[in-house]
Amino acid sequence: REMPQGPTNQTTAPPAAATKANVVILATGGTIAGAGADATNSATYQAAKVPVDKLIAAIPSLGELANVRGEQVFQIASESFTNAQLVQLAKRVSQLLKQNDVDGVVITHGTDTLEETAYFLDLVVKSDKPVVVVGSMRPSTALSADGALNLTDAVATAANPASRGKGVLVTMNDEIQAGRDVTKRVNIKPSAFFSQWGPLGMVVEGKTYWFRAPVKRHGTSSEFDIDTIDTLPEVAIVYGSGNMNPAAYTAAVQGGAKAIVNAGTGNGSVAGYAVDTLKDLRAKGTIVIRSSRVGDGFVLRNAEQPDDKYDWVVAHDLNPQKAKILAAVAMTKTSDTKELQRIFWEY
Ligand SMILES: NC(=O)C[C@H](N)C(=O)O
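Parameters and conventions
- Residues numbered from 1 in each chain as written.
- Predicted model: local features only at pLDDT ≥ 70, side-chain atom pairs only at ≥ 80, totals over all residues.
- Heavy atoms only, no water.
- UniProt positions renumbered as here; feature names shortened; annotations may be inferred.
- Helix = DSSP H or I, 4+ residues; strand = E, 2+ residues; numbered from the N terminus.
- Rg over C-alpha atoms; globule rule 2.2 N^0.38 Å.
- Buried < 20%, exposed > 50% of the residue type's maximum accessible area, 1.4 Å probe, protein only.
- Areas by Shrake-Rupley, 256 points an atom, 1.4 Å probe, with all protein chains shown as cover.
- Contact = heavy atoms within 4.5 Å.
- Near = heavy atom within 4 Å.
- Polar contact = N/O pair within 3.5 Å; in protein donor to acceptor, adjacent residues only side chain to side chain.
- 1 Å grid on protein atoms, 1.4 Å probe; cavity = no way out; pocket = protein on both sides within 12 Å on 5 of 7 lines; lining within 4 Å.
- Sits in = over half its atoms within 2 Å of the grid points.
- Expected span 1.5 Å × (residues − 1).
- Patch = residues over 30% accessible without salt bridge, like charges linked within 9 Å, V, L, I, M, F, W, Y side chains within 5 Å.
- Salt bridge = Lys/Arg side-chain N within 4 Å of Asp/Glu carboxyl O.
- Domains from an automatic or database assignment.
- Nonpolar A, V, L, I, M, F, W, Y, C, P; charged D, E, K, R; others polar.
- Core = buried A, V, L, I, M, F, W, Y, C linked by side-chain atoms within 4.5 Å.

As named in an unreviewed UniProt entry, the chain is Glutaminase, taken from Methylobacterium aquaticum. Recorded in UniProt for the chain, the comment headed Sequence similarities (unreviewed entry) runs: "Belongs to the asparaginase 1 family."

Here's what the structure looks like:
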């Protein structure tokens, strides 16, 4: 849009560029950078195709919210994210946030594992500056594509000093969610992201509106720091179901897992016929963490299973994929189960 010209309009001119926040957009791929063959292709497309400079250029109004610049970190679909990439991305975020000329960071990301990355950054990036992770459910080539507005909301949130100290945030479908709590709940609609504790706020027409703030440890109050983490231990999730095969637990450990997150039925329960397998693995050193395949609620210690007696850990309200992230981060420091349980209560 054209800005007013000439001396008579000077008092109504937008704020000078120097007063705007500097936001770096780190692009990693995903559907937000996806492209389909036709505008009717909302679900059939290739993720991770459009480079970050093109994403930014497609939304000229971003420049009214902040001084933005892009950096292509990866170009992948998020289901292909590895621990090595998580570490590399977090180190880059940490490095950027230490710069005086960076006020906030936005990360464009596939939605499949967006919740893992957001929680990981929440735990290990020691800064109060806003970090916002964003994706889209439809590629930019589709009718009613959601990426441009989600990215606009992310930049608006990252540029706003009110977003500082609230942990890593996620902007999807007009909402501002806590990176710790949010999870992908629907695999095909723009309203895909949900937190059982509710969104923190909303973004409407480039303005943020806040209603709550996280209480769990994160950012500068976290004991973890990406600057001292180079690798993450292997953690496996084993899914509970009726008539499940306990050999899945053993196979995970044989495959290199140092911890198993049990995506248990109900309140993180374990089939009676599988208990001995898990007790045996724990006796040989594997960390056993009880989470639940049920989306909401939280696993209670010593309910369903005697965790004190078996020396198991409970995942609190973290779903299995979030519990996997916290376990991996925590185990860079300790394999003491009392310490691990403390960490699961606090983060
Ligand atoms: N909507 C998406 O972004 C899904 C895609 N598979 C990804 O996670 O990269």
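Along the chain, the regular secondary structure elements total 10 helices and 14 strands. For a compact globule of 347 residues, the expected C-alpha radius of gyration is about 20 Å, and the chain comes in at 21 Å, within 12% of that figure. When the backbone C-alpha atoms are referred to their principal axes, the chain occupies close to 80 × 45 × 35 Å. Going through the 347 residues of the chain one by one, you find that 51% of them count as buried. Roughly 15400 Å² of accessible area belongs to the chain as shown, and the carbon and sulfur atoms make up 51% of that amount.

So, on to the environment of Gly165. Within the secondary structure, Gly165 sits in the loop between α5 (147-159) and β5 (169-172). With 55 residues separating them in the primary sequence, Gly165 and Thr220 have C-alpha atoms 8.0 Å apart. Residue contacts for Gly165: discarding those within four places in its chain leaves Asp128 and His218.

So, on to the UniProt feature "domain: L-asparaginase N-terminal" (unreviewed entry) in the chain. Taking the UniProt record as the reference, the feature "domain: L-asparaginase N-terminal" (unreviewed entry) is found at residues 22-214. Across residues 22-214, the secondary structure splits into 25% helix and 24% strand, with the terminal C-alpha atoms separated by 25 Å.

As a structural note, the neighbourhood of the ligand is formed by Gly30, Thr31, Tyr45, Ala77, Ser78, Glu79, Gly110, Thr111, Asp112 and Ser136. A distance of 3.0 Å is found between an oxygen atom of the ligand and a backbone nitrogen or oxygen belonging to Asp112. One of the backbone N or O atoms of Ser136 is found 3.0 Å from a nitrogen atom in the ligand. When the ligand sits alone it has 270 Å² of accessible area, and the protein chains cover 91% of it. Taken atom by atom, the bulk of the ligand overlaps the second largest pocket.

By the secondary structure assignment, Arg290 is in strand β13 (residues 287-292). A polar atom in the side chain of Arg290 sits 3.0 Å from the backbone oxygen of Ala303.

Right, let's get into α5. Its 13 residues give α5 an end-to-end C-alpha distance of 18 Å, which sits within 8% of 18 Å, the value for a rise of 1.5 Å per residue. Taking burial as the measure, the 13 residues of α5 include 11 buried ones, the bulk of the element. Burial in α5 covers these residues: Gly147, Asn150, Leu151, Thr152, Asp153, Ala154, Val155, Ala156, Thr157, Ala158 and Ala159.

With that settled, consider a nonpolar patch on the surface. Together, Met202, Val204, Tyr209 and Phe211 line one region of the surface with nonpolar side chains, adding up to about 390 Å² of accessible area. Here Met202 is to be found in strand β9 (residues 201-204).

Another point: the domain arrangement of the chain. Assigned domains of the chain: these are domain 1 (17-221) and domain 2 (234-346). Between the C-alpha centres of domain 1 and domain 2 the distance comes to 30 Å. Across the boundary between the two partners, domain 1 contributes 18 residues, which contact 16 residues of domain 2. Seen at the junction of domain 1 and domain 2, the total is 3 salt bridges. The shortest N-O distance in the salt bridge between Arg217 and Glu346 comes to 2.6 Å. Joining domain 1 to domain 2, the criterion identifies 14 residue pairs in polar contact (both at pLDDT 80 or more). The leading source of residues in the side of domain 1 that touches domain 2 is helix α4 (residues 114-124), at 6 residues. Split into classes, the residues belonging to the side of domain 1 that touches domain 2 amount to 8 nonpolar, 3 polar and 7 charged.

Grouped together as the largest cluster of nonpolar side chains are 57 residues, with contacts concentrated most on Phe120 and Val124. Viewed by domain, this core spans two of them, domain 1 (17-221) and domain 2 (234-346), each represented by three or more residues. If sequence neighbours within four positions are ignored, Val124 has contacts with Ala90, Phe224, Asp225, Ile226, Ile229 and Val329. Counting residues in hydrophobic clusters, the runner-up holds 24 residues, among them Val23, Ala66, Leu151 and Ala154.

Time to look at the environment of Phe81. Residue placement: Phe81 occurs in the loop between β2 (67-76) and α3 (83-97). Between the C-alpha atom of Phe81 and that of Gly201, which follows or precedes it by 120 residues, the distance is 28 Å. Residue contacts for Phe81: discarding those within four places in its chain leaves Thr28, Phe74, Ile76, Leu86, Leu89, His109, Thr113 and Thr117.

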